[in-house]
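Observations on chain architecture
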Amino acid sequence: MQSDSYSISDIEAFASKFYQGRPLLLTPYSYTLTFSSLAPSTSQTQTLSITANADFIYLQTHHHANVANAAQTVNNKTAPLATILITDSGTNEQFTNAAIDLESYSTNGNIINNLPYPRIVSGRSTLTVQLTSYEASNTLNIYLSFDGVLVRAFTS
């Protein structure tokens, strides 16, 4: 698989290999979180519950940030000074060894940041997502979208 994009056939082949050729239903899906009023030099933590009846193949994170009273257009996107740390609460496994700059990990407009390899998150899991601002004076609102496919496997 290419690290800059995944084709439908790439995703299907990945899922088929992981689920050992069982019949699968793959459904495009996004989970969202909103971090409101993230003040300078503070952190906020939220949990994201994965549906009980499907695993989630996580491919990419998108984010959009705004700063109070800042005019923004499609070509003028805010690059928030914030880090992200994602932890699978079921396994206590972090997705990175430490918090990573949001702009380096997530897609914001024209810069595409797919995961280097898809990640399977088991159904009924929860992800703990921590954002930490390192803004000097701006309070941020950050909207995150965790994008991928839901996987439902069937027995023959």
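In this report, the structure presented in the accompanying data block is examined. (Residues numbered from 1 in each chain as written. Predicted model: local features only at pLDDT ≥ 70, side-chain atom pairs only at ≥ 80, totals over all residues. Heavy atoms only, no water.)

The secondary structure content of the chain amounts to 2 helices and 9 strands. Secondary structure elements of the chain, listed N to C terminal, follow the sequence α-β-β-β-β-β-β-α-β-β-β. The C-alpha extent of the chain, read off along each of the three principal axes, is 60 × 30 × 25 Å. Within the span of the chain, comprising 156 residues, buried residues form 38% of the whole. Intrachain contacts of the chain at a sequence separation of at least 6 include 79% that bridge at least 24 residues. (Helix = DSSP H or I, 4+ residues; strand = E, 2+ residues; numbered from the N terminus. Buried < 20%, exposed > 50% of the residue type's maximum accessible area, 1.4 Å probe, protein only. Contact = heavy atoms within 4.5 Å.)

It is worth spelling out the nonpolar core at this point. Judged by nonpolar contacts, the single largest core of 36 residues is most densely connected at Tyr58, Ile86, Ile142, Leu144 and Phe146. Here this core takes 7 residues from strand 9 (residues 140-153), the largest share from any one element. In contact with isoleucine 142, not counting residues within four places along its chain, are Leu33, Thr34, Phe35, Leu38, His63, His64, Ala65, Pro80, Ala82, Leu102 and Leu131. (Core = buried A, V, L, I, M, F, W, Y, C linked by side-chain atoms within 4.5 Å.)

Further remarks concern the sheet that holds strand 1 (residues 24-38). One open sheet holds the 4 strands; their spatial order is 1-9-3-7, and the pairing between them is antiparallel. Because the sheet does not close on itself, it has two edges, and the strands there are strand 1 and strand 7 (114-121). On average, each strand axis in the sheet is inclined to that of its neighbour by 30°, with strand direction left out of account. Bridge analysis of strand 1 against strand 9 gives 13 bridges, and the strand direction is antiparallel. (Pairing = 2+ DSSP bridges. Axes fitted to C-alpha atoms, helices over the stretch in contact; angles between N-to-C directions.)

Let us now look at the side chain of aspartate 147. Mapped onto the elements of the fold, aspartate 147 is located in strand 9. Residue aspartate 147 is classed as buried on the basis of its relative accessible area of 14%. Here the side chain of aspartate 147 touches histidine 62 through a polar contact of 2.4 Å, side chain to side chain. A polar atom in the side chain of aspartate 147 sits 2.5 Å from the side chain of serine 145. Setting aside residues up to four positions removed in sequence, aspartate 147 forms contacts with Tyr29, Ser30, Phe56, Ile57, Tyr58, Leu59, Gln60 and His62. (Polar contact = N/O pair within 3.5 Å; in protein donor to acceptor, adjacent residues only side chain to side chain.)

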